[in-house]
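# Analysis of the macromolecular model
Listed here are the chains, written in short residue letters.
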Amino acid sequence: TGPLYVQALGFDGNQGTYRLNASILGDTNRDGLLNAADIDATYEASQQTSSDPVFDLSEDGMVSSEDLEILIQDIFATVRGDIDLNGTVDFTDFLIFSAAFGKNGGWSAGDFGGDGNVEFADFLILSANFGTDLRHAGTREIDNSRDHIR
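Calculation rules
- Residues numbered from 1 in each chain as written.
- Predicted model: local features only at pLDDT ≥ 70, side-chain atom pairs only at ≥ 80, totals over all residues.
- Heavy atoms only, no water.
- Helix = DSSP H or I, 4+ residues; strand = E, 2+ residues; numbered from the N terminus.
- Buried < 20%, exposed > 50% of the residue type's maximum accessible area, 1.4 Å probe, protein only.
- Lys, Arg positive; Asp, Glu negative; His and termini not counted.
- Salt bridge = Lys/Arg side-chain N within 4 Å of Asp/Glu carboxyl O.
- Contact = heavy atoms within 4.5 Å.
- Axes fitted to C-alpha atoms, helices over the stretch in contact; angles between N-to-C directions.
- Parallel < 35°, antiparallel > 145°, perpendicular 65-115°, else oblique.

### What about the side chain of Asp38?
If you trace the backbone, Asp38 turns up in helix 1 (residues 36–47). Buried and unpaired, Asp38 has no salt bridge, with Arg30 as the nearest side chain of opposite charge at 9.2 Å. Excluding anything up to four places from it in sequence, Asp38 contacts Gly26, Asp27, Thr28, Asn29, Asp31, Leu33 and Leu71.

### Brief notes about the side chain of Asp93
As for its position among the elements, Asp93 is in helix 3 (residues 91–100). If we skip the residues at most four places from it in the chain, Asp93 touches Gly81, Asp82, Ile83, Asp84, Thr88 and Leu126.

### Looking at the packing of helix 3 against helix 4 (residues 120–129)
Where helix 3 meets helix 4, the closest approach of the two axes is 11 Å, and the angle between their N-to-C directions is 175 degrees. Classified by the angle their axes make, helix 3 and helix 4 are roughly antiparallel. The segment helix 3 lies against helix 4, with Asp93, Phe94 and Phe97 engaging Asp122, Phe123 and Leu126.

This is the structure in structure tokens:
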């Protein structure tokens, strides 16, 4: 993310250098990466009833669980339990989860409820989605009307 400079014709027909501020849809912590830290940041924003538009992926004026679902399901194209965000809930995710069980952590440790703890409730989520494989579930296309990946 950050500024992008382009040579283009302006509205007045003159050529010039223009600065565009670009961002990655779903990069809610604004670090230029799309990863589990964005899910953690969105959980935190939804718990604080933020109205920051970077978190408002549903474009309804507030940050809620709906925005989390858009981030997880539409942008990451996965489900809760997929710790490594590769589109499948598998043994690798279980190994990461088991190493962090009973500790504090975010999505990348196995906290799927957003409370900062890797606990039994998270295990139930992982086990309910174990075996889910969305890697070949179809193609993803951009819905230009809302800038969401579908």
